[in-house]
Amino acid sequence: MPLKGLLDPALKIVIFGGKGGVGKTTSASATALYLARQQYKTLLISTDPAHSLSDSFECSIGNHITEVQGAKRLSVLEIDADKAFAKFRLEHEPEIRKLFDTSTGLDEEDIESFMSMPIPGIDEVMGFKTIVDIIDEARFEKYVVDTAPTGHALRLITSPRLFDDWIKVMARLRWKYRYMISRFAGEYRPDEADDFLFVMKKTIRKVQKLLQDKTHSEFIAVTIPEVMAIEETKRFLMQLKKLNVAVKQLIINNVMESEGCDFCRQRKHSQNACLTVLHQEFSNLELITVPLQPTEVKGIKGLQVIMHHLFSS
C-alpha cells in the first residue's frame, strides 16, 4: 500500500520521525524526491544534529538551502540549531537583559549568569522557527522534515510548550514591573522587552499551529519489524497523540522478502511475528512496507528504488 494524500496541494509540510536507525532519512529523502518529480517545488529539511542528508544524496549540503543536482525542483537544508540559537542571542540579548534587569531583583553578575544559561527548548524552537520563517517566505510548495531519533524528536515537538512556559514566567514578572511603574509613575509605556515577549509568543503559536494543523501538516512514523522498535514506536505515537499531533501512516522498513538461505528464512520468520504485531497494534494506521535492500541506499538511484516502494500501489 503506498503513502497517501501527500500530493494534496493544501498539505505543506510532511514530518518523518521514529527510532534511530529505522530509515527516517531515506524515507524522507525518497518522499521529497517523489514530490519534486510530481512538479512540486520541494525543500527537504533535516533537524537532526547528526545530519545525514549529505550522505543520502552523496553531496555537500550544510546550513544553507542547496539545490540537488540531478533532481529538478528539489532543494535540501541541514539546520544548525546552535547557529540559529547564536543568531537569536545576538539579535535579542538587549531585550532579554532588559527583562531580567527590570523584572527581577538580580544584579549584573546574576543577570550575566542567567544569560550564559540556555533557555529551555530554545535550540529546538529556533530550529522550528527557521522552518516557519522559510515557509512564510513561500519559496517552496512542499516541505519535508527529517527529524532526529525519537527522544530528540519529542523534545523538538514539546519545545514550544517548554519555551511557552518560560515566556509565561517572564510575562508575569513583567506585569508586576508594569504594575509598579503605573502605580508610582502614573503611566506605563511598553518597551522593547514587551515587544520581544510578544514576538516570541507569536512564534510559539505559529510552531504549535504548524504541528497540529491536520490540513497543512502530516507526521509519518517510521519503524522496522523488530520488538524493540515496535515498543518504542508505540510509546512515540502515544506521546504524539497527547500532543495532538496526528499520525495516519506508518512506514515499516527493512522487511525481509528472500527465503534463499537459512539465515533469510529465520529472519523472515522472526519478522513475520513482528509484522503480525504491527498490524494488530496499528490497525488504525495505513501501513506501508519497504523491503530490505541488498546494499546501502545512497544517491538518486538508490532513493528512486525506495520511492518506488513508497508510492507504487
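Basis of the calculations
For every chain, the first residue of the written sequence is number 1, and numbering continues from 1 onward in sequence order. Per-residue local features are limited, in this predicted model, to residues with pLDDT of at least 70; the limit for side-chain atom pairs, both in listing and counting, is 80 or more; totals at the level of whole chains, interfaces and linings are taken over all residues. The basis for every side-chain value is the complete set of heavy atoms in the structure, and neither hydrogens nor water enter the calculation. Only Phe, Tyr and Trp rings are paired, with Trp represented by its six-membered ring, and only when their centres lie within 6.5 Å; those with planes under 30 degrees apart are stacked, over 60 edge-to-face, the remainder tilted. Numbered from the N terminus, helices here are DSSP runs of H or I no shorter than four residues, and strands are runs of E no shorter than two. Whether a residue is buried, partly exposed or exposed follows from its accessible area with a 1.4 Å probe, protein chains only, as a fraction of its type maximum: under 20%, in between, or over 50%, in that order. Geometrically, a lysine NZ or arginine CZ counts as sitting over a ring once it is within 6 Å of the ring centre and also within 35 degrees of the ring normal. Strands qualify as paired when DSSP identifies two bridges or more between them. For this analysis, residues touch if any pair of their heavy atoms sits within 4.5 Å. As a rule, the C-alpha atoms of each element are fitted with a line to give its axis, helices using only the stretch in contact, and angles between N-to-C directions run from 0 to 180 degrees.

This next bit is on the packing of aromatic side chains. One pass over the structure, following the stated rule, counts three aromatic pairs. Judged by centre distance (3.7 Å) and plane angle (10°), the ring pair of Tyr 34 and Phe 311 falls under stacked. In this pair, Tyr 34 sits in helix H1 (residues 24-37) while Phe 311 sits in helix H10 (residues 299-311), placing the two residues 277 residues apart along the sequence. Judged on exposure class, the residue Tyr 34 and its partner Phe 311 are both buried. With centroids separated by 5.7 Å and ring planes inclined at 75°, the aromatic side chains of Phe 219 and Phe 236 adopt a geometry described as edge-to-face. With a gap of 17 residues between them, Phe 219 in strand S6 (residues 217-223) and Phe 236 in helix H8 (residues 227-242) connect regions that are remote in the sequence. One cation-aromatic arrangement involves Lys 41 over Phe 140; the distance from NZ or CZ to the ring centre is 5.3 Å. Over the aromatic face of Tyr 40 sits the side chain of Lys 142, whose NZ or CZ is 4.7 Å from the ring centroid.

Quick look at the sheet that holds strand S8 (residues 286-291) now. Judged by pairing direction, the sheet is mixed, and its eight strands sit side by side in the order S3-S4-S2-S5-S1-S6-S7-S8 without closing on themselves. Edge positions in the sheet fall to strand S3 (66-67) and S8, since each has one partner strand and no second. As judged from the five bridges shared by strand S7 (residues 247-255) and S8, these two strands associate in the parallel manner. Across the sheet, residue Ile 251 finds its bridge partner in S8, namely Ile 288. Lying on the sheet, H8 is in contact with strand S1 (13-18), S6 and S7; it crosses S6 at an angle near 160°.

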